[in-house]
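Survey of secondary and tertiary structure
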Amino acid sequence: MTRGLHTGAPVFDVRTYKLVPGAAPEFDRILRDEVLPLLHRADIRVVAYGISLVDGADYALIRSFPSLTRRNEQLEAFYGGEVWQTRFEERVLALIESFQVAVIATHADSHGADPA
């Protein structure tokens, strides 16, 4: 839902994944070695990623975008693209039990956070 959010404001896309038991090392390897270079080439900025320090079974991926509109366009192109569909979708989804996505506006004056 985007009610009340200016679609031109910078946003963070925060994804948390509940991984299949034992899948965290392989998920991390695929993301780090194979997917991050693709995200970089697609001009998608990754702010942070990694295995949860609390339980080792969850994973987080945080990306920033110049606007909600641009996020939607870039992610649609990335996940709808042939490379993701043919090389990664099946392999990566097999490692995920569930995931959640939160998209939040960035605020330069909020606890020292810098806009995207």
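Below is a summary of the structure that appears in this document. Source: prediction; values computed, not measured.

Conventions adopted
Here, residues in each chain are numbered from 1, in the same order as that chain's written sequence. In keeping with the predicted nature of the model, local features appear solely for residues at pLDDT of at least 70, side-chain atom pairs appear and are counted solely at 80 or more, and the whole-chain, interface and lining totals rest on all residues. Hydrogens and water molecules were not included; the side-chain quantities draw on all heavy atoms of the structure. Salt bridges are counted wherever a side-chain nitrogen of Lys or Arg sits within 4 Å of a carboxyl oxygen of Asp or Glu. Only protein chains enter the accessibility calculation, which uses a 1.4 Å probe. A residue is then buried if its area is under 20% of the maximum for its type, exposed if over 50%, and partly exposed in between. Comment: elements are numbered from the N terminus, with helices defined as DSSP H or I runs of at least four residues and strands as E runs of at least two. Each patch groups residues whose relative accessible area exceeds 30% and which form no salt bridge, using 9 Å between like charges and 5 Å between nonpolar side chains of Val, Leu, Ile, Met, Phe, Trp and Tyr. Accessible surface area values rest on a Shrake-Rupley calculation with a 1.4 Å probe, where residue burial reflects the displayed protein chains alone. Only rings of Phe, Tyr and Trp enter the pairing, Trp through its six-membered ring, and a pair is recorded when the two centres are within 6.5 Å. The plane angle decides the type: under 30 degrees is stacked, over 60 is edge-to-face, the rest tilted.

1. Quick look at the pattern of salt bridges
Across all of its chains, the model carries 9 salt bridges by this definition. The shortest N-O distance in the salt bridge between Arg15 and Asp13 comes to 3.0 Å. Across this residue pair, the class does not change: Arg15 and Asp13 are buried. In this structure, the salt-bridge partner of Glu26 is Arg29, at a minimum N-O distance of 3.0 Å. Here the residue Glu26 and the residue Arg29 both occupy positions in helix 1 (residues 24-41), the gap between them amounting to 3 residues, near one helical turn. Salt bridges here are not isolated pairs; linked through shared partners, they connect Asp13, Arg15, Arg63 and Arg71.

2. Observations regarding a nonpolar patch on the surface
Residues Phe99, Val101 and Val103 make up a contiguous nonpolar surface patch of roughly 220 Å² in combined accessible area. As for its placement among the helices and strands, Val103 is situated in strand 4 (residues 96-105). Residue Val103 is classed as partly exposed on the basis of its relative accessible area, which comes to 31%.

3. Here's the deal with unusual backbone geometry
One non-glycine residue with positive phi stands out, namely Asp43, at about 60°. Mapping Asp43 onto the fold places it in the loop between helix 1 and strand 2 (45-51).

4. So, the packing of aromatic side chains
Evaluated as defined, the whole model comprises 7 aromatic pairs. Ring centres 5.9 Å apart and planes at 35° place the aromatic pair Tyr17 and Phe99 in the tilted group. Of this pair, Tyr17 sits in strand 1 (residues 11-19) while Phe99 sits in strand 4, and the two are 82 residues apart along the sequence. For Phe99, a relative accessible area of 42% gives the class partly exposed. By the ring-pair criterion, three or more aromatic residues cluster together here, those being Tyr17, Phe27, Tyr59 and Phe99.

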